[in-house]
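# A closer look at the structure
These are the residues of each chain, in order.
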Amino acid sequence: MPLSGPIETPTVADPPGAFIPAYPVPHATCPSIPALILGARRDLLSIWWERAYRNDTMSVRMLARQIFICNSPESVKHVMVTNNDNFERKSPQMRRALEFLLGDGLFISDGETWTTRRRFVAPIVHRQQLSRFVPVMVNAALERAEQWAETDTERDILLEMAALTAEIIARAVFGSSLGSNQAAEVIGGFSDYQRHIDQFNLPFFLGADEGWPPFKGPRIRRATRRVRDVVESVVDAHRDGRGDRDSMIAMMFDRRDEVTGEHLSRDAIINEAATIFMAGHETTANTLAWAWYALSQAPWAEAALHEELDRVLDGRAPTIEDVPRLPYTRAIIEETLRLYPPVPILSRQARDADRICGHPVEAGALVMVVPWLLHRHEKHWDRPHHFIPERFIENETPGFCYIPFATGPRICAGASFGLTEAVLCLAVLAQRFRLILRPGHKVQPRCRLTLRPLGGLPMTAAPRS
């Protein structure tokens, strides 16, 4: 469906040396249905075609199922805000792919379960709680900096950031460090789970509205148990009175539903703890890894970051009061989230037939809002594939064109937590180090459940002179 009218893009000042970070070269035209199916099973970013970065809406039929892609502010607002009741349910692909790991956790639940859990979880991860958790973020980042200072060996920065954010979320959710073995189990378990789970769910496209449960082979079972065993052991420790009273889990045990007056069950707390842990560590780790990659290729941005950190912090550790005083540091994170949204496809299932921007949408259709496309849309962003943090200082973000944490009623409850965590971790580590990408290493984005650099990011932490 072509665009109507001329393309008018906002403009920002041209920073010196602006560059285009790695992204998959789009197909010239929409791939065939077999190519879409095969491509989606491998990598959800490799399926897009050139006009997908220009069209306002797109509709294709895959076997027995309509797929409708919302790629304009109007269509996004319709699905995620105005008519959210018709599109509140996550797609069977997302629900089925994560149900083994997260149970009925907030990220994939809907209806009354989602409403009840949101009432419990949102106040716990709300920005009003940030002052409680900022020291946890800063201290964990300082400890990571001390580890980097001990040796200048090359590191996989994706794994380094995963370990850092896992430690932060462990202390925040569980109230104590996991320990290196338990943290490795959770990080490795989720990585294995992403690698092996079927995120496509072919039966859905053959007409099964709920799809089928993915095959739970031995590798999936092992990966699930690696994660769930750690979470369950910590939840049970809290239930038995051996947990930190300031942790998120303790808050979940203590809270009563404001409507029913009931406590959450043990299983519900396990599912929500697993959800917070996975969403909290995985998405922020990926964001930080991509930010380090971008900075390693953009010396002008790295220099501006260092100037701000030196001027504002003058060598001391940041506090929550410093976050508003670090606008360029935040802009780097925001621009990274634009180019590499951690969850680059937000999929919903239409309950009833509808019309979106004048186009018919069938009941049961797969409706997709794709931050990967929306954040790079040629109509709404100047030089959309370029890394330009300045755009988040000089211009207002186009409405409903920037949604790294989704939007509407189902916006990520932990958005403020994750954004603050990323800003503070970047600030602490960039005060002391520059990260240098291995010469000749080809960076390749790949999306399974989340967006990661394929094969990691081999980088060396060089002390700042």
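A brief look at the structure comes next. In this text, all values refer to a predicted model and were calculated from it rather than measured experimentally.

Relative to the assigned elements, Gln444 resides in the loop between β8 (433–437) and β9 (445–447). As for Gln444 and Leu164, which are separated by 280 residues in sequence, their C-alpha atoms are 23 Å apart. Setting aside its immediate chain neighbours within four residues, Gln444 contacts Arg452, Pro453 and Leu454.

The next thing to look at is the pattern of salt bridges. Overall, the coordinates contain 36 salt bridges when judged by the stated rule. Residue Glu210 pairs with Arg95 through a salt bridge whose shortest N-O separation is 3.2 Å. With Glu210 in the loop between α9 (202–205) and α10 (218–239) and Arg95 in helix α4 (residues 92–102), the pair connects residues that are 115 residues apart, well separated along the chain. For Arg95, a relative accessible area of 9% gives the class buried. The closest approach of N and O atoms between Asp322 and Arg316, which form a salt bridge, is 2.7 Å. Residue class for Arg316 comes out partly exposed when judged on its relative accessible area of 36%. Salt bridges sharing common partners tie together Asp236, Arg239, Asp240, Arg266 and Asp267.

This part is about unusual backbone geometry. Despite not being glycine, Asp314 shows a phi value in the positive range, around 50 degrees. Following the sequence through the fold, Asp314 ends up in the loop between α13 (299–313) and α14 (327–339). In the Ramachandran plot, Phe400 falls in the positive-phi region, its phi being about 60 degrees despite a non-glycine side chain. Within the element layout of this structure, Phe400 appears in the loop between α16 (391–394) and α17 (415–430). Phe400 gets classed as partly exposed once you look at its relative accessible area, which sits at 27%.

Thresholds applied
- Sequence order as written defines the numbering, with residues in each chain counted from 1.
- At least 70 in pLDDT is required for a residue's local features to be given in this predicted model, at least 80 for side-chain atom pairs to be given and counted, and no such filter applies to totals for whole chains, interfaces and linings, which use all residues.
- With hydrogens and water excluded, all non-hydrogen atoms of the structure serve as input to the side-chain values.
- Secondary structure follows DSSP: runs of H or I at least 4 residues long count as helices, runs of E at least 2 residues long count as strands, and numbering of each begins at the N terminus.
- The contact criterion used is simple: two residues touch if any of their non-hydrogen atoms lie within 4.5 Å.
- Any carboxyl oxygen of Asp or Glu within 4 Å of a side-chain nitrogen of Lys or Arg constitutes a salt bridge here.
- Partly exposed residues are those whose accessible area sits between 20% and 50% of the maximum for their type, while under 20% is buried and over 50% is exposed, using a 1.4 Å probe and protein chains only.

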